[in-house]
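So the chains spell out like this:
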Amino acid sequence: VGTGNTGTGGGVTIAAGESISGGAVRISAGVGAQGSGGHVVVSSGAGSATSSGAVSISSADAGAAGTSGEVIIATGTSPAGSAGDISLAVGGSFYGIGGGVSISAGATVDGASAGGAVDIVTGKGETSSGMARVHTADSGSNGVSGGMSVATGLAAAGDSGSVGI
């Protein structure tokens, strides 16, 4: 794709065909017959003078009689050795506040349904299950460490949820 000196650089669109059921798009790295398989890297463009671009992974909205598609981020299993990790990390900042991480389940306006749940569960092991750790980072030389809050939401009618530790 060509470059531009004053405007926006050229874009690339990869789209599958439309039909009764839409076509799929698959991006796969190469198989390693005797070594590691190839990597797949998806990254936004750097901004030399301003912000870098965003990376968005999402499913489309559903039609009137369906559910929206899942977004699955998973590593493969390992027959010998450790399975791969999944890491969510936000970049730091030289000036200003570091980026945040937000995990939110879906809301509903259906009067007979509950909102989506958030489950964070460690792995099962034959000897012991995995450890769960939630903590704030140590402070720098000029401050205090961050606080921690565990709370349920307010209830419009009835009791609010409980917290079990």
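Provided above is the structure to which this section pertains.
Report follows, based on the coordinates. (Residues numbered from 1 in each chain as written. Predicted model: local features only at pLDDT ≥ 70, side-chain atom pairs only at ≥ 80, totals over all residues. Heavy atoms only, no water.)

Let us look at the overall build of the protein chain. Across its full length, the protein chain carries zero helices and zero strands. At 22 Å, the protein chain has a C-alpha radius of gyration far larger than the 15 Å of a compact globule built from 165 residues. By principal-axis analysis of the C-alpha atoms, the protein chain measures approximately 60 × 55 × 45 Å. Every one of the 165 residues in the protein chain was classed for burial, and the buried ones make up 0%. Considering only intrachain contacts with a sequence separation of at least 6, the fraction spanning at least 24 residues in the protein chain is 0%. Accessible area for the protein chain stands at about 15,400 Å²; split by element, carbon and sulfur atoms hold 51% of it. (Helix = DSSP H or I, 4+ residues; strand = E, 2+ residues; numbered from the N terminus. Rg over C-alpha atoms; globule rule 2.2 N^0.38 Å. Buried < 20%, exposed > 50% of the residue type's maximum accessible area, 1.4 Å probe, protein only. Contact = heavy atoms within 4.5 Å. Areas by Shrake-Rupley, 256 points an atom, 1.4 Å probe, with all protein chains shown as cover.)

It is worth spelling out a nonpolar patch on the surface at this point. A cluster of nonpolar side chains, Val12, Ile14, Val25, Ile27, Val40, Val42, Val55, Ile57, Val71, Ile73, Ile86 and Leu88, forms an exposed patch at the surface whose accessible area comes to about 1,300 Å². Among the residues examined, Ile27 registers a relative accessible area of 62% and is labelled exposed. (Patch = residues over 30% accessible without salt bridge, like charges linked within 9 Å, V, L, I, M, F, W, Y side chains within 5 Å. Salt bridge = Lys/Arg side-chain N within 4 Å of Asp/Glu carboxyl O.)

In this structure, the largest pocket encloses a volume near 960 Å³. Forming the walls of the largest pocket are 19 residues, and the residues nearest its centre are Val42, Ser56, Ile57, Ser58 and Val71. Grouping the amino acids of the lining of the largest pocket by side-chain chemistry returns 12 nonpolar, five polar and two charged. Space inside the second largest pocket adds up to approximately 700 Å³. Around the second largest pocket, the lining comprises 16 residues; the ones closest to its centre are Leu88, Ile103, Asp119, Ile120 and Val121. Class assignment of the residues belonging to the lining of the second largest pocket gives a composition of 12 nonpolar, two polar and two charged. (1 Å grid on protein atoms, 1.4 Å probe; cavity = no way out; pocket = protein on both sides within 12 Å on 5 of 7 lines; lining within 4 Å. Points joined across faces, edges and corners; volume = space filled by probe spheres on them. Nonpolar A, V, L, I, M, F, W, Y, C, P; charged D, E, K, R; others polar.)

None of this, on its own, says anything about what the molecule does.
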